[in-house]
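In case you want the letters, here they are:
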Amino acid sequence: MKTTRTLIGTLHSLVGQKVTVSGWVDSKRDHGKVTFIDLRDRSGKIQCIGFKMMGELTTESVVQLTGLVKERPGSMALADVVNGNVELDVQEYLVLNKASELPIIVADDGRDESEEVRLRYRYLDLRRARMQKSMRLRSDYYRALRNSLYAQDFTEVETPMLTKSTKEGSRDFLVPSRFQPGKFYALPQSPQQYKQLLMTAGVENYFQFARCIRDEDLRADRGFEFTQLDLEMSFVDRESVMSTVEQIVKASVDAVGGKLKDSTFPVYNYQEALEKFGADKFDLRTAEDQKQGVLAFAWVINFPFFKKVDPKDVAEVRDGKSGWTFTHNPFSAPLAEHEEWLLKGERVGEILTTQYDLVCNGYEVGGGSIRAHRPEQLEATFKVMGYSEAEIQDSVGHMLEAFKVGTPPHGGIALGLDRLIMLLSNETSIKETVAFPMSSTGRTAVMNAPNLVTAEQLKELSLAIKI
Ligand code: ASP
């Protein structure tokens, strides 16, 4: 007969009952005839006592124990610990997986451990209480976001991972096509174009937890992929998107117990922010706010649409053939009063975009805009960047076509979830919020990619390596 598993976190209310529990050996104290272990599962821990048994169990082994839940003697009861009032008198046990000597001590918080060891053994690192909490928080935050998006009548839609280059200002990751030798897919830097096409398709309110992949220069805190809450809405103006997003962010931060500084997020002009804070991302918290883990959100608007290409930035040089490139997003619409300048390609440096950035505690945590939804607007942007007719057709011809068959005015945003969760959990690195982050040298956790492939695989892809 199959034994029913009882979750450890419920044992404090099951005194006198015989139960079977399964989990990890958190710690062991061997007193000769009597062996004490703390057993841990996702719901909690319990002290288990074995008489003339369990002596051979090793820390972090996975075991199944059957025994009687007993009240701990009054003097031994731990008042503020879950299950502090009970213990398990073990009658029989089964080792489901024996743990050999561990390269990581799971019981500590891992803050002193090197990144290399933590990522190589991430499956052990993640067993740490701190990391379990972080994964739970991420999941709770996703649920809260989903709930508030559904409440506002959004539809969740997935878009392709193998796609065509879309410009977000970084290099693309390319994937060779086996069926069409010499041709490549690009992994999405964002779902920008697909979400706009969903507006043409009549979805009206779209969202997705989108994985974005950008070949950027690595920094200690940045890998090649990250997750955004990507959303787009039809028949909206800048203020209505900002207000919807603000409601969603507030409701979900609240749902996971986060503290907000302002009940209405302040709005700054880009120029004003530069003058006041010297940057377009800034920290509005006081010393007291910082101590209390408060989140201080603010909006920044009225950014310049274009900037001069930085000759040292490969992606900018590629995108901005005329010497001008976009500051945020080439698919944005300009402010209505600057539309004429864009269409005529005049006063390029003065054109302001409808872009809005969301900042929090000194970080940019989101950005979006009202989009070009008429073909001449998008064409004009690419002309300013020096694209010929043929180049425009090649890179965004499909968007221009879609803009000729009934595309509603629309706008949206993407919120960087890794960073928001980092702030919510009071961590200082986004790696603490991602289950399997990349190392600072661009290697994947545990599985150690990138790696070499066989000559046969290269041949199938019609590729040759020249180094
Ligand atoms: N696609 C933009 C990005 O990934 C966000 C947006 O404008 O919605 O940064």
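Residues numbered from 1 in each chain as written. Predicted model: local features only at pLDDT ≥ 70, side-chain atom pairs only at ≥ 80, totals over all residues. Heavy atoms only, no water.

How should I be thinking about unusual backbone geometry in this particular structure?
Excluding glycine, residues mostly carry a negative phi; peptide bonds, for their part, are mostly trans. The linkage connecting A449 with the following residue, P450, adopts the cis geometry, with an omega of 5 degrees. The phi dihedral of V446 falls on the positive side, at around 60 degrees, and the residue is not glycine. Within the secondary structure, V446 is located in the loop between α12 (417-424) and α13 (455-460). Using a relative accessible area of 35% as the deciding quantity, one classes V446 as partly exposed. (Helix = DSSP H or I, 4+ residues; strand = E, 2+ residues; numbered from the N terminus. Buried < 20%, exposed > 50% of the residue type's maximum accessible area, 1.4 Å probe, protein only.)

Sorry, what's going on with the pairing of strand β5 (residues 86-97) here?
Strand residues, when the strand is regular, have side chains that alternate between the two faces of the sheet. When strand β3 (residues 44-51) meets β5, the two strands line up parallel, connected through three bridges. Across the sheet, residue Q47 finds its bridge partner in β5, namely E87. Here strand β4 (residues 62-71) runs beside β5; their pairing, made up of ten bridges, is antiparallel. Pairing of V69 across the sheet is with L88, part of β5. (Pairing = 2+ DSSP bridges.)

Help me understand the packing of aromatic side chains, please; the structure alone is not making it clear to me.
Each aromatic ring pair is summarised here by two numbers: the centre-to-centre distance and the angle between the ring planes. Within the structure shown, the criterion is met by 14 aromatic pairs. On the basis of an interplanar angle of 65 degrees and a centroid distance of 5.6 Å, the ring pair of Y150 and F207 is categorised as edge-to-face. Of this pair, Y150 sits in helix α3 (residues 129-151) while F207 is found in strand β9 (residues 205-213), placing the two residues 57 residues apart along the sequence. Relative accessible area serves as the criterion here: at 0%, F207 is assigned to the buried category. Judged by centre distance (6.1 Å) and plane angle (90 degrees), the rings of W299 and Y356 are edge-to-face. Here the residue W299 occupies a position in strand β14 (residues 297-301), and Y356 occupies one in strand β17 (residues 356-360), the gap between them amounting to 57 residues. Both residues of the pair, W299 and Y356, count as buried. One aromatic cluster is present, formed by Y142, Y150, F207 and F209 through successive ring pairs. (Phe/Tyr/Trp six-rings, centres within 6.5 Å; stacked < 30°, edge-to-face > 60°.)

Is there a simple way to think about the site of the ligand in this case?
Around the ligand, the structure places E168, S190, Q192, K195, R214, Q228, N329, G367, G368, R371, I413 and A414. Side-chain polar atom of S190 to a nitrogen atom of the ligand: 3.3 Å apart, as the coordinates give it. N329 places a side-chain nitrogen or oxygen 3.1 Å from an oxygen atom of the ligand. Calculation on the ligand without its partners gives an accessible area of 270 Å², and the protein chains cover 89% of this total. Secondary-structure elements contributing two or more residues to the shell around the ligand are α4 (192-200), β18 (363-370) and β19 (410-416). Broken down by class, the residue content of the shell around the ligand amounts to two nonpolar, six polar and four charged. (Near = heavy atom within 4 Å. Polar contact = N/O pair within 3.5 Å; in protein donor to acceptor, adjacent residues only side chain to side chain. Areas by Shrake-Rupley, 256 points an atom, 1.4 Å probe, with all protein chains shown as cover. Nonpolar A, V, L, I, M, F, W, Y, C, P; charged D, E, K, R; others polar.)

Before we go on, may I ask you to explain α12 in this structure?
Helical periodicity: at 3.6 residues per turn, an α-helix aligns residues three or four positions apart in one direction. Most of α12 sits inside the fold, with seven of its eight residues counted as buried. Along α12, the positions that sit buried rather than exposed are L417, D418, L420, I421, M422, L423 and L424. In the stretch just after α12, N426 is the one whose phi turns positive, near 60 degrees.

I would appreciate a short explanation of the sheet that holds strand β2 (residues 34-41) in the present structure.
For sheets, the rule is that strands pair by backbone hydrogen bonds, running either parallel or antiparallel. One closed barrel holds the five strands; their spatial order is β1-β2-β3-β5-β4, and the pairing between them is mixed. Across the sheet, the mean angle from the axis of one strand to that of its neighbour is 55 degrees, orientation sign disregarded. (Axes fitted to C-alpha atoms, helices over the stretch in contact; angles between N-to-C directions.)

Geometric descriptors of this kind do not, in isolation, establish any biological role.
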